[in-house]
Structure formats: C-alpha cells, structure tokens
Amino acid sequence: SLDKATAIREKQLAEFNAEEKDVLESISALKAAVTVLSKHNSASAFFQMPRTHMLGVAATLQNELSKHSSLLEGVLTRSERRAAAAFVQSPQDYFDAAPTFKQSYAPQSGEIFGILRQMKETFESNLSASQKEEMANQKAYEDLKAAKEEESAAGQAQLEAKTGELADADEKNAQAKVDVEDTKASLSADEQFLMMLKEK
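An account of the accompanying structure is given in this report. (Residues numbered from 1 in each chain as written. Predicted model: local features only at pLDDT ≥ 70, side-chain atom pairs only at ≥ 80, totals over all residues. Heavy atoms only, no water.)

### Structural notes on the pattern of salt bridges
Phase 1: Scanning the model with the defined rule gives seven salt bridges in all.
Phase 2: Linking K11 and E15 is a salt bridge whose minimum nitrogen-to-oxygen distance equals 3.9 Å. Here the residue K11 and the residue E15 both occupy positions in helix α1 (residues 2-39), the gap between them amounting to four residues, near one helical turn.
Phase 3: For E15, a relative accessible area of 46% puts it in the partly exposed group.
Phase 4: Between K120 and E124 there is a salt bridge, and its shortest N-O distance comes to 3.1 Å. Of this pair, K120 and E124 are both found in helix α7 (residues 108-199), four residues apart, which corresponds to roughly one turn of the helix.
Phase 5: According to the relative accessible area criterion, K120 is buried, its value standing at 17%.
Phase 6: Of the residues examined, E124 reaches a relative accessible area of 28% and is grouped as partly exposed. (Salt bridge = Lys/Arg side-chain N within 4 Å of Asp/Glu carboxyl O. Helix = DSSP H or I, 4+ residues; strand = E, 2+ residues; numbered from the N terminus. Buried < 20%, exposed > 50% of the residue type's maximum accessible area, 1.4 Å probe, protein only.)

### Description of the nonpolar core
Phase 1: In this structure, L61, L65, F87, I115, L116 and M119 are the most contacted members of the largest nonpolar core, which totals 24 residues.
Phase 2: Looking at this core, the elements that each hand over two or more residues are α1, α3 (51-67), α5 (78-89) and α7.
Phase 3: Looking at this core, the element that brings in the most residues is α7, giving seven residues.
Phase 4: When neighbours within four sequence positions are excluded, I115 is seen to be in contact with L61, L76, E80, A83 and A84. (Core = buried A, V, L, I, M, F, W, Y, C linked by side-chain atoms within 4.5 Å. Contact = heavy atoms within 4.5 Å.)

Right, dumping it as structure tokens:
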C-alpha cells in the first residue's frame, strides 16, 4: 500500500540524510587535514608545523579510520594502515623516526598525506554513489506513488460508473414494476371486458 511505501521511503530518506551529513563532515575534516599537511609538506616546513596542527591531523585520521572502518576496508593497504596507526599513536615521533628503505623514496609526511587524500577520495566517491542511490530511490517511490494514485483514480472512476449503472438498473426496475402493475390492470380490465362480452 502507499502508506507502507511512504513509511519505508521516509525511513530511507532519514538514513540517507544522516549518512550524507556524516560523510560530508568527514570529507570536510579530511580536506582540512590535507590542507594543513600540504602547507607543511616540505621537510623543513613540516618540522616547523605547530604541535597542535599535527595533533589535529592525527585526531582527524584516527576518528575517520575508526568511524568509517568498514568503508575503508580494502581501500588502505596493510602497510598504509600501520603507517596511519603509527602516526596516530605518536604524531611528532612518527616523523622523527629514521625512514626505512622503502620510505626513503617518499617522505613520511607524504605517506600520511597520500593516505588522507585516498580516504577523502573514497568518501567522495561513496557520497556520490549514495546520492545516486537516493535519487533512484526517490524516483522509484514517485513512480510507485503515481501508479497507486492512478490505480486509485481508476478504481474511483469504476466505482462511479458502477454506481451510475446501479442507479440506471434501479430506475429501469422501478419502471418495469410500474409497467407490470399497468399490464396487470390492463389485463384485468380486458378480462372484465371479455366476460361482459360473453355474458351478452
């Protein structure tokens, strides 16, 4: 029924709005973290980054990793997750540690920068997919609603037609009863006339 579909649609919309708000906040937080890191992406500038900025980036990274772990599953590699965890654990010490052979080709700040950008892009593509799904759900609901309203209008038209047919049938029935009474009266008059003729 339309009421049930409306209730389901309202629930879907509420869930979408909550998810969209959450993802938009995450994207905004990641953009801010990427901006902070990009301003300090050179090695000399990075070591001059205020401790509060670095802690803010670490807090953003930790929050988004825990809040959206299912969304990020399969997006970040194991080594990226380890790097992120090490950075979150001790942001200042992470950059003081001697780089490994692999990390020497890309500064450690660049690795965190890359992880943050990858997370942001994942959230943006997920948001886009959710918005497309929401539009499809809204269209499906509108189509269903239009079909139900059309069905209801057709049912109402049929009801009105049947009511009209019933009224016509009742009128014909009443007329037929009058005709039967008239015919009986005419027959009775004819029989009396015939009896009078026979008596003469």
